[in-house]
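# Fold and geometry: a report
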Amino acid sequence: MNQKEQQDPSCWALSLLMAIRALALGLAAVLVLQALGTSPRSTVKAEPKTQPAAALAASPHTLVPLGRAVGIKMFSEGVMVVGLSDITGESGPVSPARACGLKTGDIITHINSTEVNSIENVQAVLQEAAGERMSIRAVRGDKGMQFTAQAVKCTSDGAYKLGAWIRDSMAGIGTMTFYDPETGQFGALGHGINDIDTTLLMPLESGSVMYASVSDVQKGQSGTPGELHGVFQLDRDIGSLYANTSGGVFGTLTDNSFASGGKALEVAARTDVRTGPATILSNIAGDSVEEYQVEITKVFSGADGDTRDLMLKVTDPRLLNATGGIVQGMSGSPILQNGKFVGAVTHVLVNDPTQGYGILITSMLDHSDLKTNAKIA
């Protein structure tokens, strides 16, 4: 899995920096969404977060557990700085980005008066400025920052550059956790989509989910997490994303047939969840969802912001034989117990793929109401 395009480190990489393997499970089967100038940016915009989140909160009593693999593509709000490097100008190696105070993890939202949300936007603004002093607005954590920089003309290709690696998009395969037939809303993954280099939550500007199928499985072993491999259809969106939070990604289905036939179950309260036998729904071949036996071995008391609510162990021989336990791409698989919807698988223990963590469904719903994307007005 490539993390960066192999280009001359003295020049600023303006092509897509591929990413997604979230720190534990994340999205599996990463692919390139675009090479510079060859593929259009998604036009699906993130919906306002307050309205869909309120709709989810209003109907927590029953939800349809899915466990179906989906393709997920998302574009960041602004562009994320994932690394700094020198560029070779006429006076020698220099990094305007580092010199002006930019840091890895900063989200650049504006250059001069132009809002930027793609690599192409940034490239165009830098060429237009042609080495003149310019203002850069960015978000660092939850704070707005202001910088002044001058791009330098790179001697190798004549383009003006800052000396920063940036990323604007990600894509991969994950698992859709639930669907609410009353509101059309869905939740997936059970954790957020984080940048592979900075480990920071990617700020969502737009995104969508697509039809996907699992082609094969890389079996997990002690010390080496396994992974689902698959494909998804870029031209077959089934819904749009409106939030990327530490408790999952959330959106609205536009093709409700994707969730047809599913039975709605009562959402379990934290006090309903017990150690002991349970099941998970997971899609490890094609587009078929199967139910597998697991055991909930611990229920944690919970703390604000902590999404590791459960520890579970895979006990089903079929799943152990096929995957070795929990693998990347299964993140979001629903957990069921005593006829109720308990939560979703989120993490695997690297040294023991038969065990992992899960998030309670009530925690997922709570996180759906978080505002995760700071933006400078």
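Right, let's walk through the structure included here. Just so we're clear, the structure is a prediction, and the values are computed from it rather than from any experiment.

## Brief notes about the side chain of T279
Within the secondary structure layout, T279 lies in strand 16 (residues 276-285). What makes T279 buried here is its relative accessible area of 11%. Of note is the side chain of T279, whose polar atom sits 2.7 Å from the side chain of E291. Setting aside residues no more than four positions away along its own chain, T279 makes contact with E291, Y292, Q293, V294, P334, I335 and L336.

## Some remarks on helix 3 (residues 119-129)
Along helix 3, the residues that are buried comprise I119, V122, V125, L126 and A129. Projection of helix 3 onto a plane perpendicular to its axis shows the buried side chains occupying an angular sector of 130 degrees, all on one side. Looking one or two residues past helix 3, A130 carries a phi angle of roughly 55 degrees, positive in sign.

## With respect to the packing of aromatic side chains
Scanning the model with the defined rule gives three aromatic pairs in all. Ring centres of Y211 and F258 lie 5.8 Å apart, and the angle between their planes is 70 degrees; this geometry places the pair in the edge-to-face category. Here Y211, found in strand 12 (residues 204-218), pairs with F258, found in the loop between strand 14 (248-253) and strand 15 (265-267); they are 47 residues apart in sequence, far enough to count as distant. By relative accessible area, which is 14% here, Y211 ends up buried. Measuring from centroid to centroid gives 6.2 Å for F300 and Y357, while their planes differ by 35 degrees, and the two rings are tilted. In this pair, F300 sits in the loop between strand 17 (288-299) and strand 18 (310-314) while Y357 sits in strand 21 (residues 352-360), placing the two residues 57 residues apart along the sequence. Here F300 falls in the partly exposed class, since its relative accessible area comes to 23%. The exposure class assigned to Y357 is buried, which follows from its relative accessible area of 17%. The aromatic ring of Y211 is capped on one face by R236, whose charged end is 4.0 Å from the ring centroid. In this arrangement the basic side chain of R308 is found over the ring face of Y357, its NZ or CZ atom lying 4.9 Å from the centre.

The rules behind each value
- Throughout this document, residue positions are counted from 1 along each chain, in the order its sequence is written.
- For a predicted model such as this one, the threshold for reporting local features is a pLDDT of at least 70, and the threshold for listing and counting side-chain atom pairs is 80 or more; totals across whole chains, interfaces and linings nevertheless cover every residue.
- Heavy atoms from the whole structure form the basis of all side-chain values; hydrogens and water molecules are not counted.
- Secondary structure elements are defined from DSSP: runs of H or I of at least 4 residues count as helices, runs of E of at least 2 residues count as strands, and each element is numbered from the N terminus.
- The classification of residues rests on relative accessible area computed with a 1.4 Å probe and restricted to protein chains. Under 20% of the type maximum is buried, over 50% is exposed, and intermediate values are partly exposed.
- As used in this structure description, the phrase polar contact means that two N or O atoms lie within 3.5 Å; if the pair is within protein, one of them must be able to donate a hydrogen and the other to accept it, and residues adjacent in sequence are counted only when both atoms belong to side chains.
- Residues are treated as being in contact if the distance between any of their heavy atoms lies within 4.5 Å.
- When we speak of the arc, we mean the arc of directions from the helix axis to the C-beta atoms.
- Classification of ring pairs uses Phe, Tyr and Trp, with its six-membered ring standing for Trp, and accepts pairs whose centres are within 6.5 Å; under 30 degrees between planes counts as stacked, over 60 as edge-to-face, and the remaining range as tilted.
- Both a distance and an angle decide whether a charge sits over a ring: NZ of Lys or CZ of Arg must be within 6 Å of the ring centre and within 35 degrees of the ring normal.

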